[in-house]
Amino acid sequence: MYSLDGYGSMVADRVRVDAYAEALRKTVRAGSVVVEIGTGPGVFAVLACQLGASHVYAIEPSEIIQVAREIAAANGYTDKIEFFEQFSHHVTLPTRAEVIVSDLRGVLPLLERHIPAIIDARRRFLAPGGTLIARKDTLWAAIAEAPKPYGELVDPWDHNAFGQDLSPARRLIVNHVQKVSVDADRLLTVGRLWTTLDYNRVENPDVRGSLEWRVERGGTGHGLVVWFDADLVDGIGFSNAPSGRETVYGSLFFPWPQPVPLVPCQSVTVNLDAKLIEEDYVWRWSTRIEPPDGSGVPVIHFEQSQLAGEVLSRAKLHRRAATYVPRLSEEGRLRRRALELMDGRASLEHIARQLTTEFPQRFSKWEQALSYVGAVSQEYSR
């Protein structure tokens, strides 16, 4: 979920907004039914109305939807925009739409449950012959010389004012991916196609692919930079490529465990995998760097993944083992009791007073319990 400032940055990104606006102008006709998934502050929902849509279903699970409702009212479209404050897979619509518009990307389109949401919307919301915006995302990768973002990752652990060995932390941090802004002249190779996400056909949210380069320009390789080209509708799109205009997305940086000097024509191969697990992606990247011809130095091989960068205590790992026999903590018993009391008959005040009686060590006043059950209700009730 974004902050209001974050939504403001997306609205201010003219590369993004102008492309989406032009795509809507080409596809929305008088009387069109439009669905927007992830409406945010509702700018595109209102624009669809301005372009003649007869009805817009605007779907947004976060509280920014209240701002979208007020923006719709401020522009006179309350009667044309119907808001759904939940994830799209929980929404049932009375009619199908000629146009479905969404931008559920993060730095890359492989973010949380973006692809399953589009697959579901395509099957349940889109009318025959209807249009998905975006239509396609193409993902590219290149080897980059990126001393600044790389230094921001490793320097706190490499340069310690107390002479301490912080290598255990450094080994973890180089398995973290991060948003970066890298200029095109920092790329040591051309961009190679990693995958194409065709939203009219995609069925599997996981992506796996192998990339191979010959180094174009000598320098120090710090890792892999990945970006996307968005194809919204025929002839309209945008990109967060290093060679393009700066966007709100940035690019995604996959660091190597150590910088590697590279010379022209040197071979680099990367196997890059993205697997959706529960609510988000886990990345894995394996790199093989061939030595320069005639150098006699060994092949460099890196195996990295986000899982290798996780900070986990032995106690927490023990509690996740298949053989572990769990027993609810006091906090677990409190959460279970709160959910039991949410049976569709009791008010939050009644539940709060009951929890205060049953858990006096946690709540000295029922108003304290009300704040707790309000948060539980917001997450789990309907």
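Let me sum up the structure you'll find in this document.

Analysis parameters
- Residues numbered from 1 in each chain as written.
- Predicted model: local features only at pLDDT ≥ 70, side-chain atom pairs only at ≥ 80, totals over all residues.
- Heavy atoms only, no water.
- Helix = DSSP H or I, 4+ residues; strand = E, 2+ residues; numbered from the N terminus.
- Buried < 20%, exposed > 50% of the residue type's maximum accessible area, 1.4 Å probe, protein only.
- Axes fitted to C-alpha atoms, helices over the stretch in contact; angles between N-to-C directions.
- Parallel < 35°, antiparallel > 145°, perpendicular 65-115°, else oblique.
- Left-handed = near helix turned anticlockwise from the far one by under 90°.
- Contact = heavy atoms within 4.5 Å.
- Nonpolar A, V, L, I, M, F, W, Y, C, P; charged D, E, K, R; others polar.
- Salt bridge = Lys/Arg side-chain N within 4 Å of Asp/Glu carboxyl O.

### Quick notes on unusual backbone geometry
Working step 1: A cis amide bond, omega 15°, links I133 with the succeeding residue A134.
Working step 2: You can see A134 is positioned in the loop between β5 (126-133) and β6 (136-144).
Working step 3: Its identity is not glycine, yet E112 carries a phi of approximately 45°, on the positive side.
Working step 4: For C265, which is not glycine, the phi dihedral falls at a positive 75°.
Working step 5: Assignment of secondary structure puts C265 in the loop between β12 (251-262) and β13 (267-277).
Working step 6: Classification of C265 by relative accessible area gives exposed; the value is 55%.

### Remarks on the packing of helix α9 (residues 330-341) against helix α11 (residues 366-380)
Working step 1: The geometry of α9 relative to α11 is characterised by a closest axis approach of 10 Å and an angle of 65° between their N-to-C directions. As far as their axial angle goes, α11 and α9 are roughly perpendicular. Relative to α11, the crossing made by α9 is right-handed. Counting all contacts with α9, which are made through E331, L334, R335, A338 and L339, the residues of α11 involved are Y372, V376, E379 and Y380.
Working step 2: Partitioned by chemical class, the residues of the contact of α9 with α11 number six nonpolar, no polar and three charged.

### A word on the pattern of salt bridges
Working step 1: The tally for this structure, following the rule as stated, stands at 27 salt bridges.
Working step 2: One salt bridge connects E22 with R25, and the closest N-O pair in it is separated by 3.4 Å. Taken together, the positions of E22 and R25, both in helix α2 (residues 14-27) and three residues apart, correspond to about one turn of that helix.
Working step 3: What makes R25 partly exposed here is its relative accessible area of 45%.
Working step 4: Between R170 and D158 there is a salt bridge, with its nearest N and O atoms 2.7 Å apart. Separated by 12 residues along the polypeptide, R170 in helix α7 (residues 167-173) and D158 in helix α6 (residues 147-158) bring together distant segments of the chain.
Working step 5: For D158, a relative accessible area of 37% gives the class partly exposed.
Working step 6: Overlapping salt bridges bring together R16, D103, R105 and D137 as one network.

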